[in-house]
Structure formats: C-alpha cells, structure tokens
Amino acid sequence: MATKKGSVKNRQAPNPNVSGFNAPPTGQMANAAGKPAKESTGSGTGLLMSVIRTLSASEDLHQREVEKAKLEKAYRECDQRLDKLITVNYDTLTKTIQAYSAISSRIKSARERVKSLKSDLLSCKDLLHCRRDELRKLWLDGMEQKHVLTLLDQIEEVKNVPQQLDIYLKSKHYLHATELITKTVAHLESDLKGVEALSELKMEMFTRKEHLHKVLIEELTEHLYEKSAVTFQVNFVRGGSFRGSAQDGTSPAGSKKHTLLELATMAKQQRASRVHSHSLTLTVPDGTEEENKPVVEDLNEDPEANSEHYMAVLVESLSLLKRTSEAVESIKRCVQVELSKIVQRTTTEVAENAKQRGENITQHNQPKLLVELLELLFERFHCVASAHSCVLGSLQRVAASDIQLYTTNDIWSNIQTVLQVLLGNYLDVRNVTASVQQSSSAFNEALTDIGLYFSRRKTARQRKVPLFRFEMSSHAISMTNYMREQKQEYYGFDGTFQTEDEKEGEEAPMVCKPSVKNITLIFKPVNSFIRDIEMSMNLPDGRHCTLHEFISDYVKDIFLGHLLDEIETNLHAATKGGDALKSLVDSATQKLVGAPRPLLNSTVIIDHAISDLRQLMMDLPTYADQFLNMICNILQEYKDTCYAIYRGLVQPESEDKRIVSASWLKDEDINQCLRQLPNWVNLQALSKPGKDSKDSAVLETIEDIRERNAKESELLVINLGDKLLQKHEVLCDIPSLKLLANLHESLEWFSSGIRMFAGSLPSSGINMLTTPGGVTLEVPAVENSLLHTLIAQAKEFKELADICLQVLHLELRLHCFFYLLPVAKQSSFHISADSVDPDPNVLKLNKDLTTLEEALSPSLMPHKFKYVFEGLGHLVSFILINSAQYVKRINENGIKKMCRNIFILQQNLTNITMSRETDLDQARNYYELMYKSTDEILNGIVEQGAFFKELEYRNIVHLQQRSSPAYDQRHLAKMLKKLEEIMMEAV
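Because the structure is predicted, anything quoted here is derived from the model rather than measured. (Residues numbered from 1 in each chain as written. Predicted model: local features only at pLDDT ≥ 70, side-chain atom pairs only at ≥ 80, totals over all residues. Heavy atoms only, no water.)

**Looking at the overall build of the protein chain**
- When helices and strands are counted, the protein chain shows 39 helices and zero strands.
- By the burial criterion, 45% of the 987 residues in the protein chain qualify as buried.
- Considering only contacts in the protein chain between residues 6 or more positions apart, those separated by 24 or more positions represent 79%.
- When the accessible surface of the protein chain is summed, it comes to about 53900 Å², and 53% of that surface belongs to carbon and sulfur atoms. (Helix = DSSP H or I, 4+ residues; strand = E, 2+ residues; numbered from the N terminus. Buried < 20%, exposed > 50% of the residue type's maximum accessible area, 1.4 Å probe, protein only. Contact = heavy atoms within 4.5 Å. Areas by Shrake-Rupley, 256 points an atom, 1.4 Å probe, with all protein chains shown as cover.)

Right under this line is the structure:
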C-alpha cells in the first residue's frame, strides 16, 4: 500500500491554478469512483488535458506554482481517502484477491485436462476404426436377442388375455377391455402373425372383438333409455314397498311411500338444479386442451356410478374398435322402438302402482292416472334427451368428419312422434275423427241455434248453411290417415301396444278410458312439456314443434267441435217442449247450487254449461277467448229465450192486448218513475250483499211505511183514473205469476254468478267488476270486447229479473183495482138488512190474494215478498176512500156492508203480511163517518181536527146528499161552502 501511495504522490499533478481549474469536491470524487471505467477514464483524460492547457496558457511561474499546489493538495486528499477505504474494506479486498487466485488456478487445470481428454479421444477413434466390423456384428446379435425376448413377452401376455378380458367385462370396465383386446388383436396381426400356436387364440379374439362391439352398443342403449330413464326414481322400488306394507298389515291407500306422480314432481324440481351440478348433461369443453384430454377409467371405482362418464367410456371404446359409425346408425335406428318401450314400461308401472293402492282401473275411469303417466313419461324423456346430449358430446369428440351424426332435435322429434301416438290413443282420435267427418255441424257452426230449443216462436228460424266446410279437406283427411298409420305401427290394428321386436307381445294396459275430455286434464302438463321441447330445440319466435301443432289441431278441429255438439245435445234434451222451460230443479240440486229459492231447470242447465266452459278456460288457458266467446253466444241465446218466455206471459196474444203492467214497464218514462219510488229504492238497499232486512225493518216506523206507500198509491190512481180494467189487461193466471217469480229469482241468481265470473277475469284494460282481494282466474288476459259483452249480458239478465219483479208488484195492485173499482161503481149500497154480506168481488180479491201468497211465498225471498205485498192495505184503503165518489146511494146497511168488505180484506192482508194493516182502519173510519149527519161531521172537524182531505170530505157530503130523499142543491152548496171554510181554518 505504501508503494501505491508513493507512486501516486510521485506523479506530477497539473497546476491547480491554471485557467480557473477547480479540484472536484470530495463527494463528487466519491461519486465518480462508482461510475463505469469507461466513463471514469474519459472524464480523467479530459481533466488532465484541461490542466495541461491551463499550465501551458499561464504567463508567469507564480501562477503555475499556485496551480501545482492546488493539484498536489487534491492528490493528497485523494490518497487519504483511498487509504481510508482500503483500511475499512481490507477483509473484502483480501477475499476477492484470494478468490481470483483460486479461479485462475482452476481454469488453468481444466485447460490441461481438456487437452489430455482430446488426446485420448483421438487415440480411441483410431482404435475403433480398426474394430468396426466386429462391433457391428455384436450390435446386431444384441438387437435380435432383444426382439426375441419381446416376442416371448408378448406371447406370454397374449396367453393371459382371455382371463383378464373376462375380469374387465364382468366388472364392466369396458375401456380397459377394449384397449386390451385391440392391443392383442394388433399383436396377433403383426408381430405374432406367424405363430401357429396362437391361431385359435387369434380366432377367439376376433370373435370376442365382434361380440364386444355388440355389448357396447347394448350397454349404451340400456343407459340411454332404461337406466337414465329411471335414475330419478331412487326412492321407488317396483312393488316392494307396497307389498311390504301389506305384509305389515298396512293398507296400500295408507302407505306413506311416494306415488309415481309425486316422484315425478320431485324429479322435475331437482332437474333444474341438476343442470348446474353436471348430473346428466354433457358440458362441451371449450379449450383444445380439454377436447384432447383422454377418457380414463379407474379400476377401483364402480364404472356406472357416474352415468355421463360411463357413456363417454362406451363411446371411447367404440371409437377404439373403429365402430363409431355403426353405433350412430344403431342409435338412429332404435330410437322410436326404445321410446315406445319406455311408454309401455311406464304404463305398466302406473297401472301396477294404482292396483297396489287399491284402485281398479278396469272398473273406474280415472283420468288422473293419465296425468300421472304423462308426468312420468315427460321426466323420463327429459332424462333420455339429457343422456343423448352426453353421448353426442362424446361422439363429436371421437367421430370422424365424414360420419353423419344425429342431433338432439332428432331425439325430440322422435319423442314427439311417440307422444302423438300415445295421446291420439287416449284422446280417442280414431273414433272421434270418424264421427266428426260424418257430422254436419261440428266445427264450422257456432252456437247460433241454441235459442231454437229455448224460445217459443211461431215460425222456426232459418238455419244458416255454410258455403263450405273443412271436414273432408286434405288437411283433415291427411291428419286422420297419419294418426291411423301411427297407431297401426305402434299399437297394432286392434289398438294393442306392440313393439317391433315383440309383435306377439302382451297388451299394454290403458290407465283410463279413451275420451275427448281427457285433453282438459293433460293440456297444461303437455303444454309445459312443449315449452321445454321448444326451448331445447332453440326454435325461432313464431315457430312451434310438431307436438304443439298436433295439440292445437286436435283442440280446434276435434275437441271444440265435439264440445259444441255435446252442449247443443244437452241443452236440447233439457229444454225441448214448453213444460221443460217451466220445470224447477229439485231440492237437492237447489241446495247443491246454493240457491235460496227454487230455480228454473233451464237456468241451472245453462249455468252448468257455463261452469263447464269456465273450467275449460282454466284447463285450456290458450283458448280462453274462444271459450269466453262460446259463453257469450250461449248467454245471448238464453237471454232471447228468457225474453220470449216473458213476452209469452205478458203478451199472450196481440200487441194491443198486452197487460197494463207490462205496458207501463215498457214505457221508459213510467219505468223510470216507478224505479224512483221509495218502495223500489228501499228494496234495492235491502238487496245489497250483507244487508239485513230485519235490522232495516226495525228502523222503519208505521208512519215511514205509510209515507213510502202513499206516493205509489197516488201515482197508480192517477194513471188508472176511473177506468175499469178488462180481464185481458190483468194477468190473473196464478201459474204464470209464479213462473214470473221463478224467472225473477233464477235470472237474478244467474246474473249474480255471471258478474262474479266477469269480475274474476283478467283483462288487458280495466275490469270494473274486479274487487280488491278477489280471486282472479289463472287465464291469459281476455279481449276487452268479450269482457264488456259479458258484463252487458249480466246487466241485461238483471234488468229482466227486475222487470219480472216489478210486474208482480204492479199486478197485485192492478188486481185490487180490477176487483175493487166495480164494487163502488156497479154494486148497490142502498140495501136492506138481509144484503149486508161482503161483496162477491171482495171475496174474489181475497181468494186471489191468498192464492198468490201461497204461490209466491216459496218462490220469492222474504224482502222481495214483502216488496210485492207490502202497501196493499194502504192502496186498498186509498181505492175504497177514493171510490166513495162513484157510489150512487148508500144507507146504514150499505155502510155496514162496506165496513164488512174492509174488515175481511184487513183480516186477510194481516194474515199475509203478518202486520196489522192500520191503513184499512182509516178506510173503515171514513165510511163510519157516514153514520153521522153532515152537520155532525163538520162539527167533528172543528172540534177534533181533519182526519181526511177536503176532497174526501166533499165526497162524503155529496154521497149523503145523493142518498137523502130530500136532495137540495142549495143546501149541498151551502154545506160544501161551510166545509171549505172549516178546512181553510184547519189548515
């Protein structure tokens, strides 16, 4: 180190004073020491040249000395720092020098060894060149011996192949078996081809290879159609659970085991979750690495535990056997046969399950079993389609490009074909189609002629003949032929289920009788399955699968026509003849429909028909508008029929002989006036739901009732005047009046049901009849026009019902006019003591009212019966008092006769209304005034006040004057003048 320092010091430093040269600071020199050597060298050279230029440019020696002193000082500082760094890093520097020395020595030694090795290789090369032929001979001998040993090993392996193959096949490890047999056959055809001792084994391997191909296809078919189809029935053991319960003394009906339908429902719920759990759906790999990943088989696991992997193994095995194309063709060929076998097996299982539950399908028609069968088939077909998706994924991976594979759409098409044949058998397509083609009015004629069976018309309505029909069109005929061919192919010519392999097989049981009505139970599950099919087939919007077309054609071309025929036949049988329109339902039917009063049989029949159509709207929601249109047509025809019944009652002959009550109600002004009367308003208030008539009756006083009836009595007297009614102007036939009451109750009950039905219909617009919290039918929104038509028809039925009740109300009052006006105008009251018995017309009226009470009491609701009879006492009193002006002469015996007339009327009305008719007391008091003289009557008004109107007092005065032998016109005028003055003072 001292030497280094000395050498540094002995170097001549440049003059630090030359041309402003400044030595770098200590920190800058330290930073400069850390820079690369190239940069340090360049900067040092530049600094040295700068110093030299400075010294050369200096003018005097003093300046050079100053520069020299600065430079020496800088070098001294640099030496000091270098010494300090060496002292601090002495150990590191020592190790570095030692390592460098060791590396240098090792490199030198390696160079010497490489040189020696190169010399030895050159010597070896020379020696090998001399012995090349001998080495080649030894190498060939070694290769020959090695090949002989390999052949011996192969022969030894081939000898054990049959035993090992049996083990693999028994445990169903078909991939190992296929690889083994493929490898063995390859050895026997190549290396071991000349070994005569293996000829029998070679033939056996070829035979077993062919057999293995068939076994693989059978296993694949079994997993596609049998094991995959029953995978979801893990909790169902065929017959075992029910037989076990029977042995334990438990009845099959009380068994807690799940039915097939419940299992199918649970499987349907689990199927959605299995889509993500990779149960039976093949996930197609996206990456090339996954696609090329080989299928492996674990000998320590059950090969059938994972169905997807097992089918992938089978496909891989077929690919190794070079039989992929044969497998694809076999799958295509047996799809429909295997699907038909699934239908047969499932049908047998459902029938056995029903039998074990104690149900006899041969004696009881149970369409619910058909729903159970279809639910099971749908789930199994879903499993079959999922299994085919798995197989297709494996085939797409191993199949060559020239092999034409099938698609999942092909599988769904075959499933639809089998289902069409099955549904056609249970829906009785063959028989119904034949009957439809022979029918003349099934499809293209609406219910426009139903009214012919309800109404009584003098001339029959002319039927509308359609210009053309579609029964014998190419579409209808082709559909019939197609269904016949399909049923003959799958079910045989006699309707017996036959498979292609078993034409002489056992007949498959039918779980219920074939019927057109079965479509109502199966439409929703079939429609749900159709949506699944169309979603799986990825059909574009507007396109539908063949099963959808089959169901649509069946409903439109067969079911609707059959339904129209059935409705028409039932209504014709129930309403033919005039007596059928008047017949009432029995008490059991009345209780069943929940009607408070007897109903017309025709109304109940129509209601049942509408209820059936309403149920069809829920069973076949797709055709809700068509069924609602049928309902509207039926209601329209029945409304016309009801109006015909009404007209037949109130207008038995010509228009000019219509009864008075009907004429009044036909006049809109009079009808509106009658509906504004207090009695009608009070009835409407009592008819509201939840209104109690008893509570309302308690709140009303006698004066309230009298005031309510007074306005009506005055209106009737004003309209009729002093005209005597003719017999044809009054409806005196008691059965006709009772029929009006029955028609009223029937139509009101009927209209209420229609309104409730209309309020439960969903609509795209606003349904005014919908109540908050009400039940809405689970059907698509119906057309607003149809809904408005239905509501209008309900209103029209209610209007007709109200008209019938108003006719009854008016008829009883007109009966009073009919019988009581002749009493005053035609009877004599100036009689002897022997002629004081009640007037015959009064007795007839009493009998008429009693008969009407007996007829209407069981036919009308209590508050309606009260509406009809209440107020008759006030009206009778009003008529009798007002009729005093028509009495010619009267004596005390006549007064007594009139009082007896009033008494028996009051007694009869009291028995009918169950309340004392106090208004008739006033009529009796009125006529008893005639016992007094005119002066006594006038003095009584002054002393006690007026109990009657001035006109009524004037009629008494006139009658007394007419009855007096000494009739004086001036005295009459004087009495009337005095009466007027007294009444003025009283007012």
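**So, the packing of aromatic side chains**
- Throughout the structure, instances matching the rule amount to 13 aromatic pairs.
- Members of the aromatic cluster, each reached through a chain of ring pairs, are Tyr926, Tyr927, Phe948 and Tyr953.
- Above the face of the Tyr886 ring, Lys825 is positioned so that its terminal group lies 4.6 Å from the ring centre.
- Looking at Lys897, its charged tip hangs above the ring of Phe829, at a distance of 5.5 Å from the centre. (Phe/Tyr/Trp six-rings, centres within 6.5 Å; stacked < 30°, edge-to-face > 60°. Lys NZ or Arg CZ within 6 Å of the ring centre and 35° of its normal.)

**Regarding the nonpolar core**
- Formed by 225 residues in total, the largest nonpolar core has its most connected members in Leu547, Phe559, Met617, Phe627 and Leu790.
- By residue number, the principal contributor to this core is helix H31 (residues 784-826), which donates 23 residues.
- Beyond its immediate stretch of four places on either side in the chain, Leu547 contacts Gln416, Leu419, Gln420, Leu423, Val526, Phe529, Ile530 and Ile533. (Core = buried A, V, L, I, M, F, W, Y, C linked by side-chain atoms within 4.5 Å.)

**As for the pattern of salt bridges**
- Applying the stated criterion to the full structure yields 27 salt bridges.
- One salt bridge connects Lys172 with Glu219, and the closest N-O pair in it is separated by 3.5 Å. Of this pair, Lys172 sits in the loop between helix H7 (161-170) and helix H8 (174-189) while Glu219 sits in helix H9 (residues 199-227), and the two are 47 residues apart along the sequence.
- Exposure remark for Glu219: the relative accessible area of 9% places this residue in the buried category.
- Glu204 is paired through a salt bridge with Arg208; the nearest N and O atoms lie 3.8 Å apart. One end of the pair is Glu204 and the other is Arg208, both in helix H9 and four residues apart, which spans about a single turn.
- Several salt bridges converge on common partners, so that one network encompasses Arg675, Glu745, Glu748, Lys798, Glu799, Asp802 and Lys864. (Salt bridge = Lys/Arg side-chain N within 4 Å of Asp/Glu carboxyl O.)

**Describing unusual backbone geometry**
- We note that Lys172 has phi near 60°; this positive angle belongs to a residue other than glycine.
- Backbone geometry places Lys322, a non-glycine residue, at a positive phi of 65°.
- Note that Lys322 resides in the loop between helix H13 (307-320) and helix H14 (324-356).

**Here's the deal with the packing of helix H32 (residues 840-856) against helix H35 (residues 892-913)**
- Here H32 crosses H35 at 0°, and the two axes come no closer than 10 Å. Between H32 and H35, the interaxial angle falls into the category roughly parallel. Counted together, Val842, Leu843, Leu845, Asn846, Leu849, Thr850 and Glu853 of H32 and Asn901, Ile904, Leu905, Asn908, Leu909 and Ile912 of H35 form the full contact between these two elements.
- Counted by class, the contact of H32 with H35 contains eight nonpolar, four polar and one charged residues. (Axes fitted to C-alpha atoms, helices over the stretch in contact; angles between N-to-C directions. Parallel < 35°, antiparallel > 145°, perpendicular 65-115°, else oblique. Nonpolar A, V, L, I, M, F, W, Y, C, P; charged D, E, K, R; others polar.)

**Concerning the environment of Leu377**
- When you line up the elements, Leu377 lands in helix H15 (residues 367-398).
- Each C-alpha atom of the pair Leu377 and Ile342 lies 7.8 Å from the other, and the pair is 35 residues apart in sequence.
- Contacts of Leu377, omitting those with residues within four sequence positions, involve Ile342, Val343, Thr346 and Leu422.

**Looking at helix H23 (residues 601-619)**
- For H23, which comprises 19 residues, the first-to-last C-alpha distance of 27 Å matches the rise-based estimate of 27 Å (1.5 Å per residue) to within 8%.
- Those residues of H23 that fall on the buried side of the exposure criterion are Ser602, Thr603, Val604, Ile605, Ile606, Asp607, Ala609, Ile610, Leu613, Leu616, Met617 and Asp619. (Expected span 1.5 Å × (residues − 1).)

**Concerning the side chain of His744**
- Checked against the element boundaries, His744 lands in helix H30 (residues 734-759).
- In terms of polar contacts, His744 uses its side chain to reach the backbone carbonyl oxygen of Ala801, at 2.7 Å. (Polar contact = N/O pair within 3.5 Å; in protein donor to acceptor, adjacent residues only side chain to side chain.)

**Some words on the environment of Asn893**
- Mapping Asn893 onto the fold places it in helix H35.
- Ignoring anything within four residues of it in the chain, the contact list for Asn893 reads Ile831, Ser832, Ala833 and Val836.

**So, a nonpolar patch on the surface**
- Judged by side-chain polarity, Leu48, Met49 and Ile52 come together as a nonpolar surface patch covering roughly 260 Å² of accessible area.
- The residue Leu48 is located in helix H3 (residues 37-57) in this model. (Patch = residues over 30% accessible without salt bridge, like charges linked within 9 Å, V, L, I, M, F, W, Y side chains within 5 Å.)

**Notes on the confidence of the model for the protein chain**
- Residues at a pLDDT of 70 or more form 76% of the protein chain, whose mean pLDDT is 77.
- The least confident element of the protein chain, judged by mean pLDDT, is helix H10 (residues 240-247) at 34; the most confident is helix H16 (residues 408-426) at 92.
- Across residues 1-41, where pLDDT falls below 50, the model places 63 contacts with residues more than four positions away in sequence or in other chains.
- In the predicted structure, residues 439-476 sits below a pLDDT of 50 and forms 69 contacts with residues beyond four places in sequence or in another chain. (pLDDT = per-residue confidence, 0-100.)

**Points about the packing of H14 against H15**
- Orientation of H14 relative to H15, taken along the N-to-C sense of each, is 160°, at an axis distance of 10 Å. One finds that H14 runs roughly antiparallel with respect to H15. Helix-helix and strand crossings are classified by hand; for H14 and H15 the assignment is right-handed. Within the contact between the two elements, H14 uses Thr324, Val328, Ile331, Leu339, Ile342, Val343, Thr346, Thr347, Glu349, Val350, Asn353 and Ala354 and H15 uses Leu369, Glu372, Leu373, Leu376, Leu377, Arg380, Phe381, Val384, His388, Val391 and Leu395. (Left-handed = near helix turned anticlockwise from the far one by under 90°.)

**A word on the environment of Asn570**
- As for its position among the elements, Asn570 is in helix H20 (residues 546-575).
- Along the primary structure Asn570 and Ile605 are separated by 35 residues, whereas in three dimensions their C-alpha atoms are 8.5 Å apart.

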